[in-house]
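Coordinate analysis (summary)
Spelled out, the chains give:
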Amino acid sequence: MTDDAAREFRAGRSGLVVRVPEAEPLVRAWRDRLDPSARAGVPAHVTVLFPFLDADRIDEGVRADLGVILARHASFEARFDRCGRFPGVLYLAPATDAGFRCLTEAIVERWPDHPPFGGRFDDVVPHLTVAQGQDEAVVQKAEAGLLAGLPVVTRVSAVDLLVHDGTRWHRRASFPLGQ
């Protein structure tokens, strides 16, 4: 695990994600081997905001605010039809990412001191990570396996709050999107 991963996986850390259960049959075996977050209990997902507030700051008021903010956004269909790469990362890319970006922007508007990924990136690209920090040959094999199973289509209807307990990530709440 890298130093960055150790900081991300500390007790009390939280994040907001959209689970993509329809992707699990395609990505689970790859993620279990190639993505540390999967081994720590994170399901196939697209990140809406990470890191979010520390768990001890997430009270009923924060949960109520999240519920109101997310209910303002209509549920939408997401179609993952290709693979993409960042340095050291292989991911599934949604055909259109506007719905995910709107969710992130709405949360950051309410909590501007918590930019996506701590503000490390100028443009946050919605994606479903499959592999991190792997050799190129491993990534190429994973990508070939993934491409054969695409597309993956899901209905995005909720955002989940995940919290790390020091060992694993757990879902603490789910906030439905509007109809």
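An account of the accompanying structure is given in this report. Everything numeric in this text was worked out from a predicted model, so none of it was measured. (Residues numbered from 1 in each chain as written. Predicted model: local features only at pLDDT ≥ 70, side-chain atom pairs only at ≥ 80, totals over all residues. Heavy atoms only, no water.)

1. Observations regarding the layout of surface pockets
Let me state the cut-off plainly: Both site types are read off a 1 Å grid over the protein atoms alone. A 1.4 Å probe that fits but cannot get out defines a cavity, while an open set with protein on both sides within 12 Å along at least five of seven lines defines a pocket; lining residues have an atom within 4 Å of a point. Grid points are joined across faces, edges and corners, and a volume is the space filled by probe spheres set on the points. By the criteria applied, helices consist of DSSP H or I runs no shorter than four residues and strands consist of E runs no shorter than two, each listed in order from the N terminus. Charged residues are taken to be Asp, Glu, Lys and Arg, nonpolar residues to be Ala, Val, Leu, Ile, Met, Phe, Trp, Tyr, Cys and Pro, and polar residues to be all remaining types, Gly included.
In this structure, the second largest pocket encloses a volume near 200 Å³. Around the second largest pocket, the lining comprises 15 residues; the ones closest to its centre are R101, T104, P116, V124 and V125. Those elements that place two or more of their residues in the lining of the second largest pocket are β2 (45-49) and α5 (98-110). If you tally residues by element for the lining of the second largest pocket, the top one is α5, at 5 residues. Split by residue class, the lining of the second largest pocket holds 9 nonpolar, 3 polar and 3 charged.

2. A look at helix α6 (residues 136-147)
Here is the rule we go by: Multiply 1.5 Å by the residue count of a helix minus one, and that product is the helix's expected span. Partly exposed residues are those whose accessible area sits between 20% and 50% of the maximum for their type, while under 20% is buried and over 50% is exposed, using a 1.4 Å probe and protein chains only. Arc definition: directions from the helix axis to the C-beta atoms. In what follows, residue pairs with any heavy atoms lying within 4.5 Å of each other are defined as contacts.
Across its 12 residues, α6 extends 16 Å between first and last C-alpha, which sits within 8% of the 16 Å expected from 1.5 Å per residue. By the burial criterion, the buried members of α6 are V139, A142, E143 and L146. Summarising the axial view, the buried residues of α6 lie within an arc of 100°, below the 170-degree limit, and thus occupy one face. Across from the buried face of α6, at angles greater than 90 degrees, the exposed residues are A137, K141 and A144. Packed against the buried residues of α6 are α2 (24-34), β3 (76-86), β4 (89-94) and β5 (128-132).

These figures capture arrangement, not role.
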